[in-house]
Amino acid sequence: LFDGIYPFYPQQRKAANFDINTIIVVVVFLTLACSFLLIIPGIRGRARLYWTLRVLLSLFMGVGIVVVQFTGDWETGWVQANTSYKSFSHAVVNADIGLHIGLEGVNITLKGNPVNQINETINYNEYFSWSFDSNYDRTYSEGLEKGLPSPILYVAEKFTSQSPCAVHRQYRISGHYASATLWVAFCMWIISNILLSMPALVYGGYMLLVTGAFVTFSLLSFSTVRNSPMCLIQIGTATLHVAYGGSFWLTLVIGLLCFVAGITIVALHHLSLDSLKTFFDLREDKAEEYQEMAEVHVNSCFVNQAL
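Residues numbered from 1 in each chain as written. Predicted model: local features only at pLDDT ≥ 70, side-chain atom pairs only at ≥ 80, totals over all residues. Heavy atoms only, no water.

*Asks:* Looking at this structure, I do not really get the packing of aromatic side chains. What am I missing?
*Replies:* Evaluation of the coordinates by the stated rule reveals 18 aromatic pairs. Seen from their ring centres, Y171 and F222 are 6.5 Å apart, and the 65° between their planes marks the pair as edge-to-face. Here Y171, found in helix α5 (residues 168-197), pairs with F222, found in helix α6 (residues 201-223); they are 51 residues apart in sequence, far enough to count as distant. Exposure remark for Y171: the relative accessible area of 4% places this residue in the buried category. (Phe/Tyr/Trp six-rings, centres within 6.5 Å; stacked < 30°, edge-to-face > 60°. Helix = DSSP H or I, 4+ residues; strand = E, 2+ residues; numbered from the N terminus. Buried < 20%, exposed > 50% of the residue type's maximum accessible area, 1.4 Å probe, protein only.)

Following this line, the structure appears as structure tokens:
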């Protein structure tokens, strides 16, 4: 060791808590929400409540559809185990090993209990991408060259293209099509907002149903990875199991919201159009447009001249 660092390997990277793309998406939608909240006092009456509900619900759908593209917890798993730390070393550490699977790659974390053991800070967060513009096997080989801890390399090896587990191709294709259908759902969400603001309410409701359908297709696409049995990930005496994570359930909630909102708009259009126009702040404008003149004042001077 040279000043506590292995001389032939770069210094270990610190664990990352947030993804920069996720932060950018959240900040953009929060800016839109805050901008709307600044102008909401200018809306009078009950329409203020209706506008707030519509805008915030729509923004929640939009940010959810986009942000799950970059999150890494569509499937997650954690295990605490006593495991070897480095290759060709008899040192054993107690650590939490985490597996976080996203649409474009897998994130593997290793955190010691406690963090400082065997004169090292054990806190790793390594990302391995399997998107079509990256090479998972090369990233794994680079991890071998850097001398990453054995638990991280062991878990990452399960997802290589040469692994007997044979899940690399399934995850790669499923994640690709899930991402593509989510982007289509985002486009449908934009169109639905345009139609609802024109206003073409019933067509906006139909587009919300289409949005929910594409969100559901993304869930079905990712769920196909369950068709391939996952290899047993045995770390020490403990086994790491994966299950659907927060991004999967968030996407499911967004899909259900799109269906509920779309069905409600279409149903109100056919059953109670006045209530629907009131919710979208259109009834008063229409009433003024078609309002009949109740009283007419006639200038007798002009009438006499005409006669």
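Past the structure itself, the notes keep going.
*Asks:* Looking at this model, I keep getting lost on the environment of N116. Mind explaining?
*Replies:* The residue N116 is located in strand β3 (residues 105-117) in this model. Classification of N116 by relative accessible area gives exposed; the value is 57%. Sequence separation between N116 and V93 is 23 residues; the distance between their C-alpha atoms is 9.9 Å. Side chain to side chain, N116 and T121 meet in a polar contact 3.1 Å long. (Polar contact = N/O pair within 3.5 Å; in protein donor to acceptor, adjacent residues only side chain to side chain.)

*Asks:* Honestly, unusual backbone geometry in this entry has me stumped. Any pointers?
*Replies:* If a residue is not glycine, its phi is most likely negative; likewise, a peptide bond is most likely trans. Of note, the bond from N113 into P114 is cis; its omega dihedral lies within 30 degrees of zero at 0°. Looking at the element boundaries, P114 is found in strand β3. The phi torsion at A166 lies on the positive side, around 60°, for a residue other than glycine. Counting through the fold element by element, A166 comes out in the loop between α4 (150-157) and α5.

*Asks:* Would you mind going over the UniProt feature "transmembrane region" (unreviewed entry) in the chain with me for this structure?
*Replies:* The feature "transmembrane region" (unreviewed entry), as given by UniProt, occupies residues 20-39, 51-70, 177-196, 203-222 and 242-268 in the numbering adopted here. Secondary structure across residues 20-39 comprises 100% helix and 0% strand; the distance between its end C-alpha atoms is 29 Å. A distance of 42 Å separates the end C-alpha atoms of residues 242-268, which is 85% helix and 7% strand. (UniProt positions renumbered as here; feature names shortened; annotations may be inferred.)

*Asks:* Even after reading the chapter, I still don't get the packing of helix α1 (residues 20-39) against helix α2 (residues 47-67), so can you show me in this structure?
*Replies:* Between two packed helices, the angle of one axis relative to the other and the distance separating the axes together describe the packing. As a packed pair, α1 and α2 sit with axes 10 Å apart at the nearest point and diverge in direction by 170°. Looking at the two axes, α1 sits roughly antiparallel to α2. Of the residues in α2, those in contact with T22, V25, V26, F29, L32, A33 and F36 of α1 are W51, T52, V55, L56, L59, G62, V63, V66 and V67. Of the residues contributing to the contact of α1 with α2, the split by class is 13 nonpolar, 3 polar and no charged. (Axes fitted to C-alpha atoms, helices over the stretch in contact; angles between N-to-C directions. Parallel < 35°, antiparallel > 145°, perpendicular 65-115°, else oblique. Contact = heavy atoms within 4.5 Å. Nonpolar A, V, L, I, M, F, W, Y, C, P; charged D, E, K, R; others polar.)

*Asks:* Is there a simple way to explain the pairing of β3 in this structure?
*Replies:* Looking along a regular strand, one sees side chains alternate from face to face of the sheet. In terms of strand pairing, strand β2 (residues 92-101) meets β3 through 7 bridges, oriented antiparallel. Counterpart to D96 in the pairing with β3 is K111. As consecutive antiparallel partners, β2 and β3 are separated by 3 residues. For β3 and strand β4 (residues 120-129), the ladder comprises 9 bridges, and the chain directions are antiparallel. Within β4, the position partnered with L110 by the bridge is Y124. Taken together, β3 and the strand that follows it, β4, pair antiparallel across an intervening segment of 2 residues, in which I118 is found at a positive phi of about 45°. (Pairing = 2+ DSSP bridges.)

*Asks:* Can you walk me through the environment of V253 in this structure?
*Replies:* Its location among the elements puts V253 in helix α7 (residues 246-271). V253 gets classed as partly exposed once you look at its relative accessible area, which sits at 40%.

*Asks:* Would you mind showing me how to read the nonpolar core here?
*Replies:* Residues L99, V106 and F159 are the most contacted members of the largest nonpolar core, which totals 68 residues. At 8 residues, α2 tops the list of elements feeding residues into this core. Excluding anything up to four places from it in sequence, F159 contacts L99, I101, V106, W130, Y136, V167, H168, Y171 and M230. (Core = buried A, V, L, I, M, F, W, Y, C linked by side-chain atoms within 4.5 Å.)

*Asks:* Explanation requested: the state of the cysteines in the structure shown.
*Replies:* In a disulfide, the sulfur atoms of two cysteines are held together by a covalent bond. Tallying each qualifying case throughout the model produces 1 disulfide. With a sulfur-sulfur separation of 2.1 Å, C165 is cross-linked through a disulfide to C231. Across the disulfide from C165 to C231, rotation about the S-S bond amounts to roughly -135°, and the bridge is consequently left-handed. Remark: C231 occurs in the loop between α6 and β5 (233-235) and C165 occurs in the loop between α4 and α5; sequence separation between them is 66 residues. Taking the relative accessible area as the measure of exposure, C231 reaches 24% and is therefore partly exposed. (Disulfide = S-S within 2.5 Å.)

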